[in-house]
Amino acid sequence: MAKGKINKATPPANRLWGGRFTSGPAEAMARINASIGFDQRLWRQDIAASRAHCRMLIRQKIIPARDGKAILRGLDAVWKEIEGGRFHFRAALEDIHMNVEDRLTTLIGDAGGRLHTARSRNDQVATDFRLWVRDAIDGIEARLRDLQATLIARAREHAATVMPGFTHMQTAQPVTFGHHLLAYVEMFGRDRGRFADARARMNECPLGAAALAGTSFPIDRRMTARDLGFDRPMANSLDAVSDRDFALEFLAAAAIAAGHLSRLAEEMVIFSTERFGFVRLSDAFSTGSSIMPQKRNPDGAELVRAKTGRVIGALIALAVVMKGLPLAYSKDMQEDKEPVFEAADTFALTLEVMTGMVADMSVDAKAMRAAADGAYATATDLADWLVRAGGLTFRQAHHVAGRIVKLAEDRGVRLDAVPLADMQAIEPGIGAEVFKVLGAERSAASRTSEGGTAPRRVRAAIAAAEKRFLAKPGRRGRGKARARR
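To keep things clear, this report deals only with the structure shown in the data block. Note that the structure is a prediction, hence the values are computed from the model and not measured.

Within the chain, the secondary structure is distributed over 18 helices and eight strands. Taken along its principal axes, the extent of the C-alpha atoms in the chain is 100 × 50 × 40 Å. Counting only residues that meet the buried cut, the chain has 50% of its 485 residues in that class. For the chain, the accessible area works out to roughly 23,000 Å², and carbon and sulfur atoms hold 52% of it.

Next comes the structure, spelled out in structure tokens:
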């Protein structure tokens, strides 16, 4: 965000629309109407779009070339002032657009007033906001890729580290920790796909739609669209100024992705407890207690989990704002930016924290292995063996395995500690070779179906994931042209 100060003084009548009004707004109205407190974040995009618009006006001979060149020089000066923290944002000018235009006119004189020819704040803000969300997606895409890379690296370390897999948070079957981590790689891959889809759909340019009906000036909308890295102009002027689907799609993708972060954070909280002891979060992402010296609290993971609510809340807030608006622009839509800004900031921070936690957490493979051997996690392997070697139907085998588990449970021993004779008393066809399938490592190694947890499958999945998600991307095409300068 720019570092300029906000001047809250209110003039008698707003210079933007003061010709129609003889007095200024009430103080409360001025406060609720002004958006400069948050939309100043759009300054880069606003100036980029203004440059593109000015270049088009010059080429189309809508404004004199001399004035156009002065405007471009003035916009460069405004950019440097804001970037350097020397710009004073004024609440009386309501928003970033008028703050930039007012300063431009101060710097170059009346020529600055020509910049707004053939455009409205309606298409201006729609363009600026799309550019900002597009840039935000590009930043999030990079952070999601970093998180995937970190998860893949840890999965490679633990491709054969056996742990219990869970359903209903009850021990189910042995899996490997590498396989477990790769599940999140897939989730975040889908998240990247959703953001990419949203980016592709939003990459149409509203500029030139003016207030709602287009303009009578001979503008070239395709020129400005190309200049700003859009694929094409938006097809309908009413839709161009009133659409906020792109913001809703961004928030929806962020909400789903934040949910995935929250699930991983929840497991970090659980797995780092003394009762599990599977992982230990580093000091960098843990905190202590003000009264209990022994405590190590997984606050980083807990905060990632909690902040998901903010991202989901932002989606709901904007959806409610937009749900009943008639065409075209309504002032309600000024409320579109704060939820998006907050969600983008929050999600980017949680991605950074999660990547750091995954990268430097320590893994207790012995604790995982011991847990995988407990709770009769290989009961399904016993049932499968009875089907393969004993010729039982799976339902019969399931019943027999259940009786053997009950016997082991009553005696307080592991499944592979039940004597063969006792197993044969339940099912005479059981032979000594059954013990080969009752170990956690053998169980995990036997799951060789595609997408399974066998270590050789996990290693193959790691190689495939690197190719799918981490290979250097090809050229995305346009999208950042002149977005910075």
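What follows continues from the structure just given.
Throughout the structure, instances matching the rule amount to 13 aromatic pairs. Measuring from centroid to centroid gives 5.8 Å for Phe-271 and Phe-276, while their planes differ by 40 degrees, and the two rings are tilted. Here Phe-271 falls in the buried class, since its relative accessible area comes to 5%. Members of the aromatic cluster, joined through ring pairs, are Phe-129, Trp-132, Phe-246 and Phe-341. Above the face of the Phe-341 ring, Arg-41 is positioned so that its terminal group lies 4.8 Å from the ring centre. Looking at Lys-337, its charged tip hangs above the ring of Phe-129, at a distance of 5.5 Å from the centre.

Turning our attention to the packing of helix 14 (residues 379-390) against helix 15 (residues 394-411). Running from N to C, helix 14 and helix 15 point in directions that differ by 135 degrees, and their axes come no closer than 8 Å. When the axis of helix 14 is compared with that of helix 15, the two are oblique. Considering how the two elements wind past one another, helix 14 and helix 15 form a crossing that is right-handed. Between helix 14 and helix 15, the residues in contact are Ala-379, Leu-382, Ala-383, Asp-384, Leu-386 and Val-387 and Phe-394, Ala-397, His-398, Val-400, Ala-401, Ile-404 and Val-405, respectively. Among the residues forming the contact of helix 14 with helix 15, the class breakdown is 11 nonpolar, one polar and one charged.

The next point concerns the nonpolar core. Residues Val-133, Leu-151, Phe-195, Phe-250, Val-340, Phe-347 and Met-354 are the most contacted members of the largest nonpolar core, which totals 94 residues. The element best represented in this core is helix 10 (residues 245-271), accounting for 16 residues. Dropping the residues within four chain positions of it, Phe-347 is found in contact with Ile-140, Leu-144, Phe-195, Ala-254, Ala-257, Ala-258, Leu-261 and Val-311. One finds Leu-382, Val-405, Val-418 and Leu-438 within the second-largest nonpolar core, a separate group that totals 21 residues.

Note that strand 3 (residues 162-167) and strand 4 (residues 170-176) share five bridges and pair antiparallel. Each residue of the ladder has a partner; that of Pro-164, found in strand 4, is Pro-174. Counted along the chain from strand 3 to the antiparallel partner strand 4, the turn is two residues long, and its residue His-168 has a positive phi close to 60 degrees.

This part covers a nonpolar patch on the surface. The grouping of Leu-212, Leu-238 and Leu-327 at the surface amounts to a nonpolar patch, some 270 Å² of accessible area in total. Of note, Leu-238 is situated in helix 9 (residues 237-242).

Conventions and cut-offs
- For every chain, the first residue of its written sequence is number 1, and the numbers climb from 1 along that sequence.
- Reporting in this predicted model follows two pLDDT cut-offs: at least 70 for local features of residues, and 80 or more for side-chain atom pairs to be given and counted; totals over whole chains, interfaces and linings ignore these cut-offs and use all residues.
- Each side-chain value is worked out from all heavy atoms of the structure, with water and hydrogens disregarded.
- A run of DSSP states H or I qualifies as a helix once it reaches four residues; a run of E qualifies as a strand once it reaches two. Both are numbered from the N-terminal end.
- Each residue is assigned to one of three classes by its accessible area relative to the maximum for its type, calculated with a 1.4 Å probe on protein chains only: buried under 20%, partly exposed between the two thresholds, exposed over 50%.
- Computed by Shrake-Rupley with a 1.4 Å probe, the accessible areas treat only the displayed protein chains as cover when residues are assessed.
- For Phe, Tyr and Trp, where Trp contributes only its six-membered ring, two rings pair if their centres lie within 6.5 Å, and the inter-plane angle classes them as stacked under 30 degrees, edge-to-face over 60, or tilted in between.
- Only Lys NZ and Arg CZ are tested; either one counts as a charge over a ring when it is within 6 Å of the ring centre and within 35 degrees of the ring normal.
- Fitted lines through C-alpha atoms serve as axes, helices being fitted only where they are in contact, and the angles separating the N-to-C directions of these axes extend from 0 to 180 degrees.
- An angle below 35 degrees is treated as roughly parallel, one above 145 as roughly antiparallel, one from 65 to 115 as roughly perpendicular, and anything else as oblique.
- Crossing handedness is read from the near helix: turned anticlockwise from the far helix by less than a right angle, it gives a left-handed crossing, and turned clockwise, a right-handed one.
- Contacts are assigned to residue pairs with any non-hydrogen atoms lying within 4.5 Å of each other.
- Just so you know the grouping, Ala, Val, Leu, Ile, Met, Phe, Trp, Tyr, Cys and Pro go in nonpolar, Asp, Glu, Lys and Arg go in charged, and all remaining residues, Gly too, go in polar.
- Residues belong to a common nonpolar core when they are buried Ala, Val, Leu, Ile, Met, Phe, Trp, Tyr or Cys residues joined through side-chain atoms within 4.5 Å.
- The rule for pairing is simple: two strands pair if DSSP sees at least two bridges between them.
- Patch definition: residues above 30% relative accessible area lacking any salt bridge, with like charges linked at up to 9 Å and the nonpolar side chains Val, Leu, Ile, Met, Phe, Trp and Tyr linked at up to 5 Å.
- We define a salt bridge as a contact between a side-chain nitrogen of Lys or Arg and a carboxyl oxygen of Asp or Glu at a distance within 4 Å.

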